[in-house]
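Coordinate inspection notes
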Amino acid sequence: MQVAYYPGNVARGAMMEIEDCIQPLCKTLGINLIELPKATSDGGNIIRQASPRLQHALAARNLALAEEKGLDIMTSCATSHSIHCDTATTMAADPLLASQLNNLIARSSNIEYMGESKSRHLLHLLIEEIGLDKIKDAVLNPLGMDIAAYYGPYMQRDGFCSEDDAFNPSYLETLITALGGTPVEYDSKCQSVGSPSLLTNEKTAMKMTAAVLSDAKQSGAELMVSACTISHANLDSYQVKAGRVTGKDTTMPVIHLAELVAFALGHFPDRLAQLRTRVKIIGG
Amino acid sequence: MTVVAKVWIDEDCITCDACQDICPEVFEVNDETSQILAAVRLDGGFDRNEGKSPLTGDLGAQYADIILEAAEACPVEVIKFELVSDGAETEIVAEAPAVEVAVAPAAAIAVGGSASDELTAVLGGDRSLTILFGSQTGNAAGLAEKTAKLASNYGLTPNVVDMDGYNKANLASIKRLLIITSTWGEGEMPDNAEDLWQSVQSDAPGLTAMHYSVCAIGDTSYDEFCKAGTDWDDKLSSLGAHSVQPIQMCDVDFDEPWTKWVLETLPRIACVDDSGTLQLELIDEMAAYGTSDDDDVVEGDFAPGHVDHSDIHVELELFRYCPSQGENGWDVIATTVPASASLEDLFINFQRDVDGSFAFRRGNTAGTATTGVRANGRIVLADIARVGQIVNNGRLRIEPLPGFPILRDLIVDTRRFEENRAKANPWVQADPREGERLISGKAVGVLAAETALSLHNMNAISSHLLAHGMSDTVDFDSAYVGPGIHLQRWVRFNDPRTSMKHRSQLLATLQEQGGVWSETDPSSIARHGSSGALVADTLNSARSRLLTEYKNAGRHGRLVKWYGRSVKWSGKLNETTLYRQVLGPIGLISNVFSGVSARMMLGFTRTGGPPIRSLQALLLPPAGVGKIPGMINSKVDDHHEVVSLFNELDQRF
């Protein structure tokens, strides 16, 4: 199958390990990633604060670029996915706004978004299009770890999370099981870690990050996998700082969904070995 | 044997209804406080009983257990009582005056089609219609409401009354009565009807002045089909009441038979005139009058939305918290309930059948703002949220509304929210402005209809308390007053009646610490349905205005400015620029010392990648998030198209 690949704001920046992994895993599972070299940042819900219309225009242009190729967008970033879904549903519900946005992007790029292309998150694509059976058959290195699934709030919204339940999702858990891991249930899997405000309300974001990590850890997880690229930064790089701010036990390896799948499918065995070591040291 | 001599209510009742739910014979809760009913007091008063009037007769013994249970269940422990010492003789006292049951405000009489003089005469005088319902799952209550809506078409003033707590003494004064009741279990009364039913079994008043009809809901798969309804029909008849229409018995698909009954019954009962006489000859005219096409006639809902009559099996997990013991945990029970039952129906049944001390706030089945809970992660009003819409894989997990301190079980403390709301000052403080003069010469201000509609739409959510509970941030930032209050501030700011001084104050409070920038993640609000999306959009509008007003001041302003600029420059976000510009040198250095940069440099928590990317941070510290990204982005193809969009829509970047 073919999809228009949208890496999001950071998979080719601070989170290169996601980009490293998503390419081989898609190749293994028969997903052909088509580049959109003209696609831009979606505004990250930051540009929206100054101008909702500008953010919608950026996202609509990205969708129109995919539509021009007759493809859906696929991204591994929950925030990017939710932004594109939001623009698509807003334009479908408000024809006047849709017309104004289409006039704008037609003038700048000579394309329009007619609502045909949709945004798909990697997780939803794996479960609904590839299927757990095919993924299970492709596993070379069963994970064998107790893993907490973190969804975040961005795509856990009715209409944005495909057939999964918005408030009690289970797709990531079923995927973990298919990859030979053991999913760990905990309450905070859709709680925000305040990532949009990491630079501006750091103390609060640290408390929110620590709450999620310590909840997962107390529930028995030795590893966390995130479906959200930007929350990944809070949960991983900032976890010691979060622990210091709150006094909670927050140390735990955190990886992205794309890494988890790639490792189980046999890619980067050295990184998987390194991960297993870190799980032994700080996981549990 | 325990005997309660006196019971009274201290100040600071939070009106949680727990006492009334447990012991409606003694307690009644209004908007301000719980009160002791007149019928049980020696002095016949109806207040908190601050004078500590003793209980009448042997009621202190009869109700002792449930009074003590109610006192135990009170989250704020304001129910006080005195016990009679063992062996002491209780004084026999005279009956207190019968309690007056407050009658709901009369609805306006609808003006239907044209009427003859005879019909006009019938439509005059007392037009009250009492609709008593006995309901276990809410179906009969819903039909009672719909019946009331239609009754207005016939010039009646309907009053829908729950049988629970209804005083049988009032039956004698009813001229027109409709009973709608379901049957529970093996021919039993619904829980809310049981007490009234028992009370009329002995010493019931004569009802010769009453006209009535009964609509019974049941299930033909049970032997005792509609028995509760037929019992009431027989009882009213035996007490001398006059049936205007034979009992209608409805199976589980009750919409059609109820519609038939209500269309036949309402014209008949509406023909009972002020003197209590049924004017048979006017029934046809009354039927035509009530169903005329006049615009003023209230339309009934004869095509109700789909009602799910199926039963579903639910594993119910209820959060419990006992303040006196400082313990919390979960009650878990397996039960089968109608999919159309509300969460509140579940709570009521749990309280009655499992644990009388379970505390929750009751609503009026129409979306009461204080009934908010979190059900399977969704923030909902318990009195309107349906079990079938929320249950997931047979599981239903109920927690208190987040963002508030918990008083007991599902009852949360909203006092700080209300204090913050008062401080937020979202009231109208108007400047003198142009207006109109009334005929009386008095000057009044005016507000354009479209402006009023716009303000209303900005604030069209079911509950500001719910909006507060939708934010994932409020639990982690004590200074943040929450989206529910900021929404009210923003609406008042946009109100053209608001004075310039007040607008400036409102804007300043939105900008300051605890204001709209304290919300770390509006997405956590936006995901809660249409209300959540509305609140998030409104807060975003406030942020846009603040960015303009304060010229991108502070970290928030810098974040938006540099995020936008970096995207405009290349089409991509440049994280290095963002970190440098937003945090500044001191913030960057703090990341070095806090270990964030070190963790990235050492690659301890990250899964790897080329080591050179980790080492970059040694040369260009600190790295922001993750492996240090490029300092300069390559541009997306046809980058001028992006610049064009920015230039056209927002030239601030």
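Use the structure listed above.
Let me begin by describing the structure that accompanies this report.

Each value, and the rule that gives it
Residues numbered from 1 in each chain as written. Chains lettered and ligands numbered in written order. Predicted model: local features only at pLDDT ≥ 70, side-chain atom pairs only at ≥ 80, totals over all residues. Heavy atoms only, no water. Helix = DSSP H or I, 4+ residues; strand = E, 2+ residues; numbered from the N terminus. Buried < 20%, exposed > 50% of the residue type's maximum accessible area, 1.4 Å probe, protein only. Contact = heavy atoms within 4.5 Å. Areas by Shrake-Rupley, 256 points an atom, 1.4 Å probe, with all protein chains shown as cover. Pairing = 2+ DSSP bridges. Axes fitted to C-alpha atoms, helices over the stretch in contact; angles between N-to-C directions. Buried area = accessible area lost by both parts, 1.4 Å probe. Salt bridge = Lys/Arg side-chain N within 4 Å of Asp/Glu carboxyl O. Polar contact = N/O pair within 3.5 Å; in protein donor to acceptor, adjacent residues only side chain to side chain. Nonpolar A, V, L, I, M, F, W, Y, C, P; charged D, E, K, R; others polar. Expected span 1.5 Å × (residues − 1).

**Notes on the overall build of chain B**
- Regarding its fold elements, chain B presents 23 helices and 19 strands.
- Across the 653 residues that make up chain B, the buried fraction comes to 52%.
- When contacts within chain B are restricted to residue pairs at least 6 apart in sequence, those whose partners lie at least 24 apart make up 69%.
- When the accessible area of chain B is evaluated, it comes to approximately 29,200 Å², of which 51% is carbon and sulfur surface.

**Observations concerning the sheet that holds strand E15 (residues 395-400) of chain B**
Residues and elements named next belong to chain B.
- With mixed pairing, five strands are arranged side by side in an open sheet as E12-E11-E15-E13-E14. With partners counted over all chains shown, the strands left at the sheet margins are strand E12 (327-338) and strand E14 (378-381), one partner each. On average, adjacent strands in this sheet sit at an angle of 30 degrees to one another, irrespective of strand direction.
- Here three bridges tie strand E13 (residues 372-375) to E15, and the two strands are oriented antiparallel to one another. Bridge pairing in E15 links Val 373 to Pro 400.

**A word on the interface of chain A and chain B**
- Across the contact, 74 residues belong to chain A and 75 residues belong to chain B.
- Summed over both partners, the interface of chain A with chain B comes to about 6,500 Å²; 54% of that surface belongs to carbon and sulfur atoms.
- Broken down residue by residue, the surface that chain A buries against chain B is led by Gln 49, Phe 167 and Leu 199 of chain A, which jointly contribute 13%.
- At the boundary of chain A with chain B, the tally comes to seven salt bridges.
- Ionic pairing is found between Arg 107 of chain A and Glu 648 of chain B, a salt bridge with its closest N-O pair at 2.1 Å.
- Linking chain A with chain B are 25 residue pairs in polar contact (both at pLDDT 80 or more), by the criterion used here.
- Ranked by residues supplied to the side of chain A that touches chain B, first place goes to helix H3 (residues 52-68) of chain A with six residues.
- Here the side of chain A that touches chain B is built from residues that sort into 32 nonpolar, 23 polar and 19 charged.

**Quick notes on helix H15 (residues 483-494) of chain B**
All names here are of chain B.
- In a regular helix each residue adds 1.5 Å, so twelve residues correspond to 16 Å; H15 covers 16 Å between its end C-alpha atoms and thus fits that length.
- Extensive coverage of H15 is indicated by the burial of eleven of its twelve residues.
- The set of residues buried in H15 consists of Pro 483, Gly 484, Ile 485, His 486, Leu 487, Gln 488, Arg 489, Trp 490, Val 491, Arg 492 and Phe 493.
- Buried-residue contacts for H15 involve helix H12 (415-424), helix H13 (449-458), helix H14 (464-470), helix H16 (500-511), helix H17 (523-526) and helix H18 (529-549).

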